[in-house]
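Understanding the architecture of this molecule
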Amino acid sequence: LTQVQSGDFVIVQADRGEDLGVVTESFNLQAFMERRFAMRAYMDEEDQNVGYIIRIASSTETKLLPEKFQDEEMIFKTCENLAIHTYRLPMTVVDVE
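Procedures and definitions
Residues numbered from 1 in each chain as written. Predicted model: local features only at pLDDT ≥ 70, side-chain atom pairs only at ≥ 80, totals over all residues. Heavy atoms only, no water. Helix = DSSP H or I, 4+ residues; strand = E, 2+ residues; numbered from the N terminus. Rg over C-alpha atoms; globule rule 2.2 N^0.38 Å. Buried < 20%, exposed > 50% of the residue type's maximum accessible area, 1.4 Å probe, protein only. Contact = heavy atoms within 4.5 Å. Salt bridge = Lys/Arg side-chain N within 4 Å of Asp/Glu carboxyl O. Patch = residues over 30% accessible without salt bridge, like charges linked within 9 Å, V, L, I, M, F, W, Y side chains within 5 Å. Areas by Shrake-Rupley, 256 points an atom, 1.4 Å probe, with all protein chains shown as cover. Expected span 1.5 Å × (residues − 1). Pairing = 2+ DSSP bridges. Axes fitted to C-alpha atoms, helices over the stretch in contact; angles between N-to-C directions. pLDDT = per-residue confidence, 0-100.

1. Overview of the overall build of the protein
Broken down by element type, the protein carries four helices and three strands. The C-alpha radius of gyration computed for the protein amounts to 17 Å, which surpasses the reference 13 Å derived for 97 residues by more than 25%, pointing to a less compact arrangement than a globule. Considered along the principal axes of its C-alpha atoms, the protein spans approximately 50 × 35 × 20 Å. Burial status across the protein gives 16% buried among its 97 residues. For the protein, contacts bridging at least 24 residues in sequence account for 47% of all contacts bridging at least 6.

Quick look at the structure:
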């Protein structure tokens, strides 16, 4: 993998396969391992195995990001409407993917 910098779009290993992410901070391997080890106590098993960069995202993938956010917003509103208004479930919809 080539060097990544803050702001680069990348494809990462996520809990449900691959996902598009953006690099917020870059570490050398030693600093990454130290930080990961220090945070391990605060992470569940699923979180300990996610976030590895697979590759740099293609321009096609980055262009689809706004559409993905719009889809998630529509799905959120649909779930909220069904759960609360249609089925009158005592719940709050927090997030969708």
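2. Describing the pattern of salt bridges
A side chain with one charge can pair with a side chain of the opposite charge if their charged atoms come near. The tally for this structure, following the rule as stated, stands at four salt bridges. In this structure, Lys68 engages Asp19 in a salt bridge whose closest nitrogen and oxygen atoms are separated by 2.6 Å. Of this pair, Lys68 sits in helix α4 (residues 65-86) while Asp19 sits in strand β2 (residues 17-22), and the two are 49 residues apart along the sequence. Residue classification places Asp19 among the partly exposed residues on the basis of a relative accessible area of 32%.

3. Re a nonpolar patch on the surface
There is a patch of nonpolar side chains on the surface, built from Leu82, Tyr87, Leu89 and Met91 and spanning about 400 Å² of accessible area. As for its position among the elements, Tyr87 is in the segment after α4. In this structure Tyr87 comes out as exposed when scored by relative accessible area, which is 57%.

4. A closer look at the environment of Glu80
Assignment of secondary structure puts Glu80 in helix α4. Sequence separation between Glu80 and Arg35 is 45 residues, and the spatial gap between their C-alpha atoms is 37 Å. Contact partners of Glu80, with chain neighbours within four places excluded, come to His85 and Val93.

5. Focus on α4
Helical periodicity: at 3.6 residues per turn, an α-helix aligns residues three or four positions apart in one direction. In this model, α4 (22 residues) spans 30 Å end to end at C-alpha, consistent with the 32 Å of a helix rising 1.5 Å per residue. Directly beyond the C-terminal end of α4, a positive phi value near 50° is found at Arg88.

6. A short note on the sheet that holds strand β1 (residues 9-14)
The three strands are arranged β2-β1-β3 in an open sheet whose pairing can be described as antiparallel. Here the strands that pair on one side only, and so sit at the sheet edges, are β2 and β3 (53-56). Across the sheet, the axes of successive neighbouring strands diverge by a mean angle of 30°, strand direction being ignored.

7. What to know about the environment of Ala14
Relative to the elements of secondary structure, Ala14 occurs in strand β1. By relative accessible area, Ala14 is classed as buried at 18%. C-alpha of Ala14 to C-alpha of Arg40: the two residues are 26 residues apart in sequence and 17 Å apart in space.

8. Describing the confidence of the model for the protein
Scored by pLDDT, the protein has a mean of 86; 92% of the residues are at 70 or more. The least confident element of the protein, judged by mean pLDDT, is helix α2 (residues 45-48) at 63; the most confident is helix α3 (residues 59-63) at 95.

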